[in-house]
Amino acid sequence: MDLSALLKRLSEAHGISAYEAPVREIVREEFAQHSHEVRVTKMGSVVGVRHGSGAAPRRKVMLSAHMDEIGLMVTGIEKGFLRITKVAGSDARVMLGQEVVVHGKRELPGVVGSRPPHVLPPEERDRVLPFDQLFVDVGLPETQVRRLVRVGDLISIRRAAFELKGGLFCGKALDDRASVAAVAVCLETLAASQHKWDVLGVASVQEETTFLGAATSAHGLQPDVAIAIDVTFGEQNGVSDTRTVGMGKGPAIGIGPNFHPELVKALVDTASKLEMPYQIEPRPGASGTDAWPIQVARDGIPTALLSIPLRYMHTPVETVSLRDIERTGKLMAAFIAHLDDEFVKTLTFAID
Amino acid sequence: MILQQLSEALGVSGNEDAVRKIIADAVRDHVDELRTDTIGNLFAVKKAQAAQGAKRAFKVMLAAHMDEVGLMITGHDGNGGLRFQPVGTIDDRVLLGKVLLVGPDKIPGVIGVKPVHLLKGDEGKQVVKIDDMRIDIGASSKEEAEGLVKLGQVAAFSTRYNKVGRTATGKAFDDRAGCAVLVELLRGARFPFDLHAVFTVQEEVGLRGAHVATSAVEPDCAFVLEGTICDDLPKDKDISPTTELGKGPAISLMDRSAFADRRLVDHLIATAEKLGIPYQFKQPGIGGTDAGTITRSKAGVPTAPVSVPCRYIHSPVSRLSLDDFENTVRLMRESLKRLTPDVLKRS
Amino acid sequence: MKDLIKKLTEAYGPSGYEHSIRQIIRDEVRGYADEIRTNALGSLIALKRGKGKGKKVMLAAHMDEIGVMVTYIDEKGFCRFASIGGLYPLTLLGGRVVFGNGTVGVIGMEEKHFERGKTPPLDQFYIDVGAKDKASCPVKVGDAAGFSRPFEDLGDRLVAKTMDDRVACAILIETLRKLRRCAHDVYFVFTVQEEATLAGAGTSAYGINPDMALAVDVTDTGDTPESNHMAVALGGGPAIKVQDSGMVAHAGVKELLVRRAEEAKLQYQLEVLTAGTTDAMAIQMVREGIPTGCLSIPCRYIHSPSEMVDYGDVQNSVKLLLAILSKSIEL
């Protein structure tokens, strides 16, 4: 597959939490290429199903990457300008001068306006403008704006995705569409090999708000084992390297209470056998990813987390290494290819 | 003594193996079923003394959590020091000058600090943040440290248990005290219903084991056994100590995670009053327990927490009263003996 | 409906202590529902069965109110307290509270620690029930109190404590009374513990497992002097929630509400709330997920003892619910 082209399509698609329809269509199309069937869950997550070669009833492994992105929402209209607030974890600091798309009765290109330095008192420039002091300008007269836009309409970031040097790729919503691409790589790799278990590749909804998609999908699908795929902080300017993992150094395998130790061990062993670079990421508490709700769904699901290193999280210029996405997809495929009933026995803790 | 054994065992959230084994061995001969699940909970079922007549057996769940707060190793410094983050909530100030046992090999390590002699100006008045602390296991290089301790391994306080008159000191009484109470209840006589004891994991990082356990057990009601805050040091104001040492088991009414079911609370009070067992109320609105997730399981589970008061929880050393411990066992045993489905009837 | 709102808002029922208000509501729905029951945590469920070809709909309004719980009685008989739900310290000084046993208390403040220009934190307040000492204090640790204020009818506007969320309970009761048998099985749920833990909502939804749920709760307005910007105003009609700080409403449910409001020619508003959430947040996460939205009653001075709503908004909320229930539900 042309990973760069897929990533560009995923990144540029719109799909703010709870309104994922546009990106859902792209994911359905993509997953359909290497799945035996594609479903959409009650709450809107996409599931690409690959049947395993084992005898029925087959065990199931669920992969979960979220397809929703953060964004903005209209809270009012004043003199034709739009007042805004955030949907999930948008960062006010990157908004000034940003191009956006307003999803009104039709899509309207707009900009987050910034007053020029010439008219600002010096102390004003030392202040981060909070969301309720920002305005979106769609360039239309007030009467037209009021006909086309209402309170509650969504606003997406407008950013064409592109490649940087060093095999790096940049765009909005790579948190977590980079992981959705990794799931696609995994399905494609599995289609060319053998696996006993059924594979459920899930592009979940509403991770950025409430983890709704992961929680409800896990409840419905009831997998035996699950892997969540998300992004983590890649080394970058302005952040101490004690808080980041390397860029282009392979997927980060999470270790901590949220993850089953046998799954962690199996992923590390698989990566070592493949001679694939990987990193270990200690997580002492809640992981802040789909892994968190999945682990406690139903009567408990053994879960692991793979994280793709990403710079500038929650900005329009999120940056990842294409190589890391590929590695993550291939690691999952190799792990899945080895899943058998023996493995399940290792998942219950011994007391004799 | 079970409380001593449990207190000295190492079981930071996500790494409860040692505690689980001690408990399994302690109760094995006293229960009808013993099993674990995939997150690490230990389930022990003690069936009713006589077969229950009802078509669906009345199920009572008792929960105590096996995990303790501790530290997770998050990095290796060039000079051999270990970087770490807390597992669960810990006040940074209790860590300086303490001894930890690190990893499955229990390697001793220390958290040091810049000597007083070398402090300048107001430095001595500033709280040292956990990001600036290191565990020193004696390694002198990054490579040496990496060979001995891996990323993600955990460290627990090294405190030994000590009996002092009618009190005891030790680490992790939150919640090894609760676990010990539950072990004692399982080692006693049967009750008029099927008792589902669950020794849960990962309470300290988000009530995780209890969430899963309650989904599996589907109890009619539940009790949570805890080691809870006793804040009776002298204060400037006449305000609540949350609980008091020596005043008996503390019954919770409301905390930040849940409301106790009043019918269960009234049953506990009635039992205590009838038999002259001392009891107190935990200061409402403080802390949280596994009840937070148990009560919200599926269609809802009436729940009540009962706790042994412990001074200085979430620090290297706590103190509890052995009288409080024994009275907690007694209150629970006597209340459970008299517990019938009628207690949950609504007027 | 004003008498019903008066009766409900003046009733006692802090989170965890809903027995009184539950009984009152039970008496109000008796005779209108096909089945009434109380579930494990105390939520009241009144079912009106449908003709059989429709959906299972859950409407949720919470019975509990914010309040205080006594945590400690000092030597002189003054009571320290913990908040039940979200209390604004600004609303406390000089306020009156009433306990389940009828005892009335006044809220006082530590003068010594008062810093001019700053709002004291909750732990610098106490309740004075007029006791002379600890032994003769008529309340004990664990007793809970709600605020004490009478309902006021200002004509178009109504003022009371606990409009949040008893006005919604009144709306649900009125809807149940006016509902002619429709296609859908409608569960009118009066939930417990919303203000503190949302425990009643999720557990009720789990038991019912509806096809669609609507939480009915109050929401903020932006129409008072120097208020933070918010596009909802008293008298602008029932508000249809788009998002709040806890969740984004299900798009299909939101659009259904808008459609039915427009067909019925009812004025409505779209609500974006930046601070606060409702039972809907807990309901939507249950099982494989439940498409959930929220019908909000615009309300000024939420979580103060004097919450104000517009009577027209209240009546129109009943009309909107009836319009939704009397037609098909397609999401």
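Just so it is clear, the model here is predicted, and its values are computed rather than measured.

**Student:** Can you help me understand the overall build of chain B in this one?
**Tutor:** A tally of regular secondary structure across chain B gives eight helices and 17 strands. At 21 Å, chain B has a C-alpha radius of gyration in line with the 20 Å of a compact globule built from 347 residues. The dimensions of chain B, computed from C-alpha atoms along their principal axes, are 70 × 45 × 40 Å. Each of the 347 residues in chain B was classed as buried or not, and the buried ones make up 52%. Considering only contacts in chain B between residues 6 or more positions apart, those separated by 24 or more positions represent 77%.

**Student:** How do you make sense of the overall build of chain A when you look at a structure like this?
**Tutor:** In terms of regular secondary structure, chain A is built from nine helices and 17 strands. For chain A, the C-alpha radius of gyration of 21 Å lies close to 20 Å, the compact-globule estimate for 352 residues. The principal-axis extents of the C-alpha atoms in chain A amount to approximately 70 × 40 × 40 Å. Burial statistics for chain A: of 352 residues in total, 53% are counted as buried.

**Student:** When you look at the domain arrangement of chain B in this model, what are you seeing that I'm missing?
**Tutor:** By a frequent convention, interface size equals the accessible area lost on bringing the separate parts together. Residues and elements named next belong to chain B. According to the domain assignment, chain B contains domain 1 (2–68 + 171–344) and domain 2 (70–157). Spacing between the C-alpha centres of domain 1 and domain 2 amounts to 32 Å. Each side of the interface is counted separately: domain 1 has 11 residues, and domain 2 has 13 residues. Broken down by class, the residue content of the side of domain 1 that touches domain 2 amounts to four nonpolar, four polar and three charged.

**Student:** What's the story with the interface of chain B and chain A in this structure? I'm lost.
**Tutor:** The interface is formed by 30 residues belonging to chain B together with 19 residues belonging to chain A. Those elements that provide at least two residues to the side of chain B that touches chain A are helix H2 (17–27), strand S1 (33–36), strand S4 (70–76), strand S5 (82–87) and helix H5 (208–217) of chain B.

**Student:** I would appreciate a short explanation of the domain arrangement of chain A in the present structure.
**Tutor:** Residue and element names in this part refer to chain A. With domains assigned, chain A is organised as domain 1 (3–69 + 172–345) and domain 2 (71–157). For domain 1 versus domain 2, the distance between C-alpha centres works out to 33 Å. Considered class by class, the residues forming the side of domain 1 that touches domain 2 number three nonpolar, five polar and three charged.

**Student:** Is there a simple way to explain helix H2 (residues 21–32) of chain A in this structure?
**Tutor:** Three or four residues apart is the spacing at which side chains of an α-helix point the same way, because the helix has 3.6 residues per turn. Residue and element names in this part refer to chain A. With 12 residues, H2 extends 16 Å from end C-alpha to end C-alpha; this agrees with the ideal 16 Å at 1.5 Å per step. All of the buried residues in H2 are Val23, Arg24, Ile26, Val27, Glu30 and Phe31. Buried positions in H2, seen along its axis, are confined to an arc of 165° and lie on one side of it. Away from the buried face of H2 by more than 90 degrees, exposed residues Ala21 and Glu29 are located. Looking at the buried side of H2, the elements it contacts are helix H1 (3–12), strand S1 (37–40), strand S2 (46–50), helix H4 (174–191) and strand S12 (198–204).

**Student:** Explain the interface of chain C and chain A to me, please; I cannot follow it from the model alone.
**Tutor:** Between chain C and chain A, the residue contacts involve 15 residues of the former and 23 residues of the latter. Of all the secondary-structure elements, those providing two or more residues to the side of chain C that touches chain A are strand S14 (239–243) and strand S15 (269–272) of chain C. Taken together, the residues of the side of chain C that touches chain A break down into eight nonpolar, five polar and two charged.

**Student:** In this structure, what is going on with the packing of helix H1 (residues 2–10) of chain C against helix H3 (residues 163–178) of chain C? I would like to understand it.
**Tutor:** The relative placement of two packed helices is expressed as an angle between their axes plus a distance between the axes. Residues and elements named next belong to chain C. One way to put it is that H1 packs onto H3 with a least axis distance of 9 Å and a crossing angle of 140°. Taken together, the axis directions place H1 and H3 in an arrangement best described as oblique. When you trace H1 past H3, the crossing you get is right-handed. Here Leu4, Ile5, Leu8 and Thr9 of H1 lie close against H3, whose contacting residues are Met163, Arg166, Val167, Cys169, Ala170 and Ile173. Its residues assigned to classes, the contact of H1 with H3 shows eight nonpolar, one polar and one charged.

**Student:** Before we go on, may I ask you to explain the packing of H4 of chain A against helix H8 (residues 322–337) of chain A in this structure?
**Tutor:** All names here are of chain A. Interaxial distance between H4 and H8 falls to 7 Å at its minimum, and their mutual angle equals 45°. In terms of orientation, H4 and H8 fall into the oblique class. Crossing handedness for the pair H4 and H8: right-handed. Of the residues in H8, those touching H4 at Ala178, Ala181, Ala182, Val185, Cys186, Thr189 and Leu190 are Ile325, Glu326, Thr328, Gly329, Lys330, Met332, Ala333 and Ile336. Broken down by class, the residue content of the contact of H4 with H8 amounts to 10 nonpolar, three polar and two charged.

**Student:** Is there a simple way to think about the confidence of the model for chain B in this case?
**Tutor:** Detailed conclusions should not be drawn from predicted coordinates in areas where pLDDT is low. Averaged over all residues, the pLDDT of chain B is 96; the fraction at 70 or higher stands at 99%. For this predicted complex, the interface confidence reaches an ipTM of 0.93, while the overall pTM sits at 0.95.

**Student:** Would you take a moment to explain the pairing of strand S13 (residues 212–219) of chain C for this structure?
**Tutor:** In the case of a regular strand, side chains alternate between the two sheet surfaces. Residues and elements named next belong to chain C. Along S13, eight of the eight residues are buried, which leaves the element largely enclosed by surrounding structure. Where burial is concerned, the two faces of S13 agree: the one with Met212, Leu214, Val216 and Val218 and the one with Ala213, Ala215, Asp217 and Thr219 are both buried. Bridge analysis of strand S3 (residues 56–62) against S13 gives four bridges, and the strand direction is parallel. Bridge pairing in S13 places Ala60 opposite Ala215. Pairing geometry for S13 and strand S16 (residues 292–298), over seven bridges, is parallel. Residue Asp217 lies in a different strand from S16, and its bridge partner there is Ser296.

**Student:** What am I meant to see in the environment of Leu200 of chain A here?
**Tutor:** All names here are of chain A. Among the structural elements, Leu200 can be located in strand S12. Placed 23 residues apart in sequence, Leu200 and Pro223 show a C-alpha to C-alpha distance of 8.3 Å. Beyond its immediate stretch of four places on either side in the chain, Leu200 contacts Val47, Val49, Lys60, Met62, Leu63, Leu221 and Pro223.

**Student:** Is there a simple way to explain the sheet that holds strand S10 (residues 152–153) of chain C in this structure?
**Tutor:** The strands that make up a sheet pair up through hydrogen bonds in the backbone, lying either parallel or antiparallel. What the three strands build is an open sheet, ordered S10-S11-S17 (chain C); its pairing is antiparallel. Both edges of this open sheet fall to S10 and strand S17 (307–310) of chain C, since each of them pairs with a single strand only.

**Student:** Explain the sheet that holds strand S4 (residues 71–78) of chain A to me, please; I cannot follow it from the model alone.
**Tutor:** All names here are of chain A. If you walk around this closed barrel you meet the six strands as S4-S5-S8-S7-S6-S9, and the pairing is antiparallel. Taking each pair of neighbouring strands and ignoring which way they run, the sheet shows an average axis angle of 45°. Here two bridges tie strand S7 (residues 107–112) to strand S8 (residues 135–137), and the two strands are oriented antiparallel to one another. Bridge pairing in S8 links Val112 to Val136.

**Student:** Explain the pairing of strand S7 (residues 107–111) of chain B here, please?
**Tutor:** All names here are of chain B. One ladder, built from four bridges, connects strand S6 (residues 99–102) with S7; its direction is antiparallel. Within S7, the residue paired with Leu100 across the bridge is Gly109. In textbook terms, the turn of a hairpin is the stretch between consecutive antiparallel strands, and for S6 and S7 this stretch comprises four residues, one of which, Gly103, has a positive phi near 75°. Two elements, S7 and strand S8 (residues 135–136), share two bridges in a ladder whose sense is antiparallel. Within S8, the residue paired with Val110 across the bridge is Asp136.

**Student:** What's the story with the nonpolar core in this structure? I'm lost.
**Tutor:** Grouped together as the largest cluster of nonpolar side chains are 305 residues, with contacts concentrated most on Ala63 of chain B together with Leu59 of chain C. If one sorts the elements of this core by residue count, H4 of chain A sits on top with 11 residues. Excluding residues within four positions of it along the chain, Ala63 of chain B makes contact with Val198, Thr200, Ala210, Ala213, Ala222, Val224, Leu225, Asp290 and Ile294 of chain B.

**Student:** Looking at this model, I keep getting lost on unusual backbone geometry. Mind explaining?
**Tutor:** Negative phi values dominate among residues other than glycine, just as trans dominates among peptide bonds. A cis amide bond links Ala56 of chain A to the next residue, Pro57 of chain A, at an omega of -5°. Structurally, the position occupied by Pro57 of chain A is in the loop between S2 and strand S3 (60–66).

**Student:** How do you make sense of the environment of Leu154 of chain C when you look at a structure like this?
**Tutor:** Residues and elements named next belong to chain C. Mapped onto the elements, Leu154 comes out in the loop between S10 and strand S11 (157–160). Leu154 sits in the exposed class, given 10 other C-beta atoms within 10 Å. Separated by 154 residues in sequence, Leu154 and Met308 have C-alpha atoms that sit 9.7 Å apart.

**Student:** Is there a simple way to think about the environment of Val242 of chain C in this case?
**Tutor:** Assignment of secondary structure puts Val242 of chain C in strand S14. Taking the C-alpha atoms as reference, Val242 of chain C lies 18 Å from Leu266 of chain C; in sequence the two are 24 residues apart.

**Student:** Which parts of the structure should I look at to understand helix H2 (residues 19–29) of chain C?
**Tutor:** All names here are of chain C. Among the residues of H2, Ile21, Arg22, Ile25, Glu28 and Val29 are the ones counted as buried. Each buried residue of H2 lies within a common arc of 120° when the element is viewed along its axis, so the set occupies one face. Buried positions along H2 lie against strand S1 (35–38), strand S2 (44–48), H3 and strand S12 (185–191).

Thresholds applied
Residues numbered from 1 in each chain as written. Chains lettered and ligands numbered in written order. Predicted model: local features only at pLDDT ≥ 70, side-chain atom pairs only at ≥ 80, totals over all residues. Helix = DSSP H or I, 4+ residues; strand = E, 2+ residues; numbered from the N terminus. Rg over C-alpha atoms; globule rule 2.2 N^0.38 Å. Buried ≥ 20, exposed ≤ 12 C-beta atoms within 10 Å, placed from the backbone. Contact = placed C-beta atoms within 7 Å. Domains from an automatic or database assignment. Nonpolar A, V, L, I, M, F, W, Y, C, P; charged D, E, K, R; others polar. Expected span 1.5 Å × (residues − 1). Arc of directions from axis to C-beta. Axes fitted to C-alpha atoms, helices over the stretch in contact; angles between N-to-C directions. Parallel < 35°, antiparallel > 145°, perpendicular 65-115°, else oblique. Left-handed = near helix turned anticlockwise from the far one by under 90°. pLDDT = per-residue confidence, 0-100. Pairing = 2+ DSSP bridges. Core = buried A, V, L, I, M, F, W, Y, C linked by C-beta atoms within 7 Å.

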